[in-house]
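Report on the structure
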Amino acid sequence: MANVQNYQCLACGGPLAFDATLGKLKCPYCDSEFSAEELEAALSEKNDGKDSKSESEDSNNIWGDDSEGLKSYSCPSCGANIVCTPTTASTSCPYCDNPTIVESQFAGSNRPDLIIPFKIEKKVAVGSLKDFYKGKPLLPNKFSQSNHIEETKGVYVPFYFFDGKASGDAVFRATKSSSHRSGDKTVRITKHYECSRSGEMDFSMVPVDASKQMDNALMDSIEPFDYSALSDFSTGFLPGFFADIPDETQDDCLPRAKTRCENSTLRALEDTVRGYSTKSVLSTRATTTKNSLTR
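Read on for an overview of the structure.

Rules used in this analysis
Each chain carries its own residue numbering, running from 1 in the written order of its sequence. Totals for whole chains, interfaces and linings use every residue, but because this is a predicted model, local features are given only for residues with pLDDT of at least 70 and side-chain atom pairs only at 80 or more, for both listing and counting. Side-chain metrics in this entry use all non-hydrogen atoms of the structure; hydrogen atoms and water are not considered. Two kinds of site are reported from a 1 Å grid over the protein atoms alone, namely cavities, where a 1.4 Å probe fits but cannot get out, and pockets, open sets with protein on both sides within 12 Å along at least five of seven lines, and residues are called lining when an atom falls within 4 Å of a point. Grid points are joined across faces, edges and corners, and a volume is the space filled by probe spheres set on the points. Secondary structure follows DSSP: runs of H or I at least 4 residues long count as helices, runs of E at least 2 residues long count as strands, and numbering of each begins at the N terminus. Under the convention used throughout, the expected extent of a helix is 1.5 Å for every residue step, that is, one less than its residue count. A 1.4 Å probe rolled over the protein chains alone gives each residue an accessible area, and that area as a share of the maximum for its type sets the label: buried under 20%, exposed over 50%, partly exposed in between. Here, two residues are considered to be in contact whenever any of their heavy atoms come within 4.5 Å of each other. Strands were regarded as paired on the criterion that DSSP finds at least two bridges between them. Aromatic rings from Phe, Tyr and Trp, taking only the six-membered ring of Trp, are treated as a pair when their centres fall within 6.5 Å; an angle between ring planes under 30 degrees marks them as stacked, one over 60 as edge-to-face, and anything in between as tilted. We call two N or O atoms a polar contact when they sit within 3.5 Å, provided that within protein one can donate a hydrogen and the other can accept it, with sequence-adjacent residues counted only if both atoms are side-chain atoms. By definition here, a salt bridge exists when the distance from a side-chain nitrogen of Lys or Arg to a carboxyl oxygen of Asp or Glu is within 4 Å.

A look at empty space enclosed by the protein
In total, this model carries one cavity of 30 Å³ or more according to the counting rule given. As for the largest cavity, its lining consists of 10 residues, and the residues nearest its centre are Phe 162, Asp 163, Ala 257, Cys 261 and Thr 288. The dominant element in the lining of the largest cavity, judged by the number of residues it contributes, is helix 6 (residues 250-271), at four residues.

Considering helix 6
In this model helix 6 runs 31 Å from its N-terminal to its C-terminal C-alpha over 22 residues, within 8% of the 32 Å that 1.5 Å per residue would give. The set of residues buried in helix 6 consists of Cys 253, Leu 254, Arg 256, Ala 257, Cys 261, Glu 262, Thr 265, Leu 266 and Leu 269.

Details of the side chain of Thr 91
Tracing the chain through its elements places Thr 91 in strand 8 (residues 88-92). By relative accessible area, which is 11% here, Thr 91 ends up buried. Excluding its chain neighbours within four sequence positions, the residues that come into contact with Thr 91 are Ile 82, Asn 98, Pro 99, Thr 100, Phe 241 and Phe 242.

Remarks on the pairing of strand 13 (residues 185-209)
As paired elements, strand 12 (residues 159-182) and strand 13 share 23 bridges and run antiparallel to each other. Of the residues in strand 13, the one forming a bridge with Ala 170 is Arg 197. Where strand 12 folds back on strand 13, the antiparallel hairpin that results is connected by two residues, among which Gly 183 adopts a positive phi of roughly 65 degrees.

Quick word on the packing of aromatic side chains
The relative placement of two aromatic rings is captured by the distance of their centres and the angle of their planes. Overall, the coordinates contain 10 aromatic pairs when judged by the stated rule. Taking the centre distance of 5.1 Å and the plane angle of 50 degrees together, the rings of Phe 106 and Phe 233 count as tilted. Here the residue Phe 106 occupies a position in the loop between strand 9 (99-102) and strand 10 (114-115), and Phe 233 occupies one in the loop between strand 14 (231-232) and strand 15 (242-244), the gap between them amounting to 127 residues. Here Phe 106 falls in the buried class, since its relative accessible area comes to 6%.

A look at the pairing of strand 7 (residues 81-84)
Judged by which residues are buried, strand 7 turns out to be one-sided: Ile 82 and Cys 84 face inward and are buried, whereas Asn 81 and Val 83, on the alternate face, are not. Relative to strand 7, strand 6 (residues 71-74) runs antiparallel, the two being bridged by four bridges. The residue of strand 7 that forms the bridge with Tyr 73 is Ile 82. Between strand 6 and strand 7, which pair antiparallel one after the other, the connecting turn spans six residues, and Gly 79 there sits at a positive phi close to 85 degrees.

Here's the deal with the side chain of Gln 105
Looking at where Gln 105 falls in the secondary structure, it is placed in the loop between strand 9 and strand 10. Exposure remark for Gln 105: the relative accessible area of 8% places this residue in the buried category. Here Thr 88 takes part through its backbone oxygen, which lies 2.8 Å from a polar atom of the side chain of Gln 105. If we skip the residues at most four places from it in the chain, Gln 105 touches Tyr 73, Pro 86, Thr 87, Thr 88, Ala 89, Asn 110 and Ile 245.

Some thoughts on the environment of Gln 105
For the pair Gln 105 and Val 4, spaced 101 residues apart in sequence, the C-alpha to C-alpha distance is 9.4 Å. A distance of 2.8 Å separates a polar atom in the side chain of Gln 105 from the backbone oxygen of Pro 86.

Side note on the sheet that holds strand 3 (residues 24-26)
Here three strands make up an open sheet; going across it, the order is 2-3-4 and the pairing antiparallel. Single-partner strands in this sheet number two, and they are strand 2 (17-19) and strand 4 (33-34). The pairing of strand 3 with strand 4 spans two bridges and is antiparallel. Bridged to Leu 25 within strand 4 is Phe 34.

So, the pattern of salt bridges
Under the criterion given, the structure shown has nine salt bridges. Glu 121 is the partner of Lys 123 in a salt bridge, and the nearest nitrogen-oxygen pair spans 3.9 Å. Lys 123 gets classed as exposed once you look at its relative accessible area, which sits at 63%. A salt bridge links Arg 260 to Asp 220; the shortest N-O distance between them is 3.6 Å. Of this pair, Arg 260 sits in helix 6 while Asp 220 sits in helix 5 (residues 216-221); the two residues are 40 residues apart in sequence, bridging distant segments of the chain.

A look at the environment of Asp 232
Mapped onto the fold, Asp 232 is located in strand 14. Taking relative accessible area as the criterion, Asp 232 reaches 58% and is therefore assigned exposed.

Now the structure itself:
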């Protein structure tokens, strides 16, 4: 059964949301601020010895055939039904808008080890998108007027980290060209070379998103991530944002990690072929050995 929780202000009981600028949870009513660790410890102490509140129910009984694959929870603040996907771990009540955390989603192996907390406020993200629209006369008006950008909300995406070693071999065809004048003619000389390269590369914390709902190419495009901002995971970072638990296994994601490591190795080998006018790939081979992985 699910343990659904609102993070409430320890001073006035108001709903708390994580403030990306402050790096803390902030109460919109009394302006009290709490660190994620501080609040989680206070809630743990408060709930110590109490039975977990049972909030899960079968949404199929409420919404009929359209609810297949959905779950329903009862909002701890107003009692309304919150209907969401089976992987939803952090959302907000559609009636009272209070941030809601499904604590039971993080039980056992589903609990992440690390998290990169948000650092950009919603208004900054919305402002950046509006600035992006400026100066683009061919952009359809409906794109900027009807895309509901004011409803933008941050989403935490689950990732696996992979460590490993990749080795590769590659053969390239390269040319060097030069020219000189001979009488009234221009003589062009082209020399052809075959360049062989081989090597190994160690990889640490290669990220692969573990959500089927997120486009892999989109997730790759927002890298590199700021690993210096990694913090020990706490559900205190989640209020005010959406979050899912993985719906892909480590084995599902392993082929993407291997492909990324092997492609990076081959690119590194190609980068060593320098000083030529042209170069092209004749053959490549790469393999990856998985050493360890974490999430």
